[in-house]
Every structure is written in structure tokens, then in C-alpha cells.
Amino acid sequence: VKHGSGYTVRDFREAGNASLLPEVVLLAVEQGHAREVVEDLLRMRRHLAGALFERLCLHPPAPERVAQVRAAIARFEACADAGGDAVALAQADSDVLAAVLAATESVVLQLSLNPIRAVLLALPSLCAAMFREPAANVAGWSVLASWMETPGGDAGPIVELLASRDAQTLVHWRQS
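A brief look at the structure comes next. This is a predicted model, so every value here is computed, not measured.

## Considerations on the overall build of the chain
Along the chain, the regular secondary structure elements total nine helices and zero strands. Element order for the chain, N to C, with α for helix and β for strand: α-α-α-α-α-α-α-α-α. Along the first, second and third principal axes, the C-alpha atoms of the chain reach 60 × 35 × 25 Å. Across the chain, the fraction of contacts at a sequence separation of at least 24, relative to all contacts at a separation of at least 6, is 78%. Total accessible area on the chain stands at roughly 9,800 Å², and carbon and sulfur atoms take up 57% of it. Within the chain, one finds 15 positive and 20 negative side-chain charges whose respective centroids are separated by 3 Å.

Right, here's the structure in full:
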């Protein structure tokens, strides 16, 4: 809005930011293009994981940060053991990721989580596909926490596991 000149509509692809992702995904669902957008979202999550590992290799986390990650994993596991619904599991899972990202002490990486979390929580059917086997998610987080305690190893297998889980998620995802 410019006083005296009215409104100017700008292309969201050029002027927008990641905060638009939840609305873009919901619009894609309505228009039948959700699969492509969700594939890209999962891809970005994997790239975020790669940046996370790189950062942790360069700046190993403090033991108290790893303890916070383990505590978040324990809460996620408790939610899974209690039979939490898909949205509760997604929230608990994103809390683990938030703890991992906090361990990097990178504000940029931490801020990158917010739009992904918002999209995930806006799509209960995607949550259901991602957390259909929550014990596997807990096991994956436990492997990551162990890696964080002795960083410097190859994170490639963990990223490959994430890619495999994402592929399985897309197979089981039923668009609502």
C-alpha cells in the first residue's frame, strides 16, 4: 500500500517468504497439486538436515544441548507409547527437531523450522503418513542423538534414512 497510489500486487514468488508455505500448501491441496508441493517440502527438510549435520560437525554441541535433545526424544517416545494421535506425534517430533536445531546455536537453522512445522501441522493426513510407525521415528532420533554425542562421523546414512522414510511417507499419504 502506498498512500495516494493505492495498492500494488506483487508476485508472491518474488516478494514473499517462507511464512507463506502453509497457505501455499493448502491451496495446492485444494487445486490437486499437493503431492508436488509436499515432495518439495520433504526435500527441503532433508536439505535442512544436511545443513544441520554440517553445522554440528563444525561446531559440536555442548553436552547439555544433547541432554535437551534426549529429553525431547523421551517426550516424543512417551507420546508414541501413550498412543498419541498423528498431530500430537507431529508436534512432539517437531519439538525434537527444535531441540536439535537449538543445539546448533544457529538462528538461521532454527528459524528455518517454523514454516515446515506450520505446514506439517496444517496437514493431518501428512502427519498420519509420517507417524504411522512412531517407534521408527523414535529410533531415528535416538541414532541422531548418539551421533551428536560423538560428531565427526559420516552423516550420509542418516540423510539416506530420512530420504527413504520420506518416500514411504509419500506412498502412505492419502490426500484429504
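## Topic: the packing of aromatic side chains
If you walk through the whole model with that rule in mind, you get two aromatic pairs. Ring centres of Phe 53 and Trp 147 lie 5.1 Å apart, and the angle between their planes is 80°; on these two criteria the pair is classed as edge-to-face. One end of the pair, Phe 53, is in helix α3 (residues 34-58); the other, Trp 147, is in helix α8 (residues 134-149), with 94 residues separating them in the sequence. Take Trp 147: its relative accessible area is 9%, and that puts it in the buried class. For the pair Phe 76 and Phe 131, a centre-to-centre distance of 6.2 Å together with 75° between the ring planes defines the contact as edge-to-face. Of this pair, Phe 76 sits in helix α4 (residues 63-81) while Phe 131 is found in the loop between α7 (124-130) and α8, placing the two residues 55 residues apart along the sequence. Phe 131 shares its class with Phe 76; the two are buried.

## Brief notes about the environment of Phe 53
Judged by its relative accessible area of 6%, Phe 53 is buried. With 103 residues separating them in the primary sequence, Phe 53 and Gly 156 have C-alpha atoms 9.2 Å apart.

## Concerning the pattern of salt bridges
What the rule picks out here adds up to seven salt bridges. We note a salt bridge from Arg 13 to Asp 11, for which the minimum N-O separation is 3.6 Å. The class for Asp 11 is partly exposed, based on a relative accessible area of 34%. For the salt bridge of Arg 43 with Asp 40, the shortest nitrogen-to-oxygen distance reads 2.4 Å. Taken together, the positions of Arg 43 and Asp 40, both in helix α3 and three residues apart, correspond to about one turn of that helix. Note on Asp 40: relative accessible area 42%, which makes it partly exposed.

## Things to note about the nonpolar core
Counting residues in each nonpolar core, the largest one holds 48 residues, and the members touching the most others are Phe 76, Val 100, Phe 131, Trp 141 and Met 148. Elements with a minimum of two residues in this core: α2 (21-30), α3, α4, α5 (86-104), α6 (107-122), α7, α8 and α9 (156-172). Other than its neighbours up to four places away in sequence, Trp 141 contacts Ile 73, Phe 76, Asp 93, Val 96, Leu 97 and Val 100.

## Concerning the side chain of Arg 45
Relative to the elements of secondary structure, Arg 45 occurs in helix α3. Ignoring any residue separated from it by four or fewer positions in sequence, one finds Arg 45 in contact with Ile 116, Met 130, Leu 162 and Asp 166.

## Details of unusual backbone geometry
The phi dihedral of Glu 105 is positive, around 60°, even though this residue is not glycine. Within the secondary structure layout, Glu 105 lies in the loop between α5 and α6.

Reading the values: the criteria
- Residues numbered from 1 in each chain as written.
- Predicted model: local features only at pLDDT ≥ 70, side-chain atom pairs only at ≥ 80, totals over all residues.
- Heavy atoms only, no water.
- Helix = DSSP H or I, 4+ residues; strand = E, 2+ residues; numbered from the N terminus.
- Contact = heavy atoms within 4.5 Å.
- Areas by Shrake-Rupley, 256 points an atom, 1.4 Å probe, with all protein chains shown as cover.
- Lys, Arg positive; Asp, Glu negative; His and termini not counted.
- Charge placed at Lys NZ, Arg CZ, Asp CG, Glu CD.
- Phe/Tyr/Trp six-rings, centres within 6.5 Å; stacked < 30°, edge-to-face > 60°.
- Buried < 20%, exposed > 50% of the residue type's maximum accessible area, 1.4 Å probe, protein only.
- Salt bridge = Lys/Arg side-chain N within 4 Å of Asp/Glu carboxyl O.
- Core = buried A, V, L, I, M, F, W, Y, C linked by side-chain atoms within 4.5 Å.

It is worth stressing that arrangement in space is one thing and function is another; only the former is reported here.
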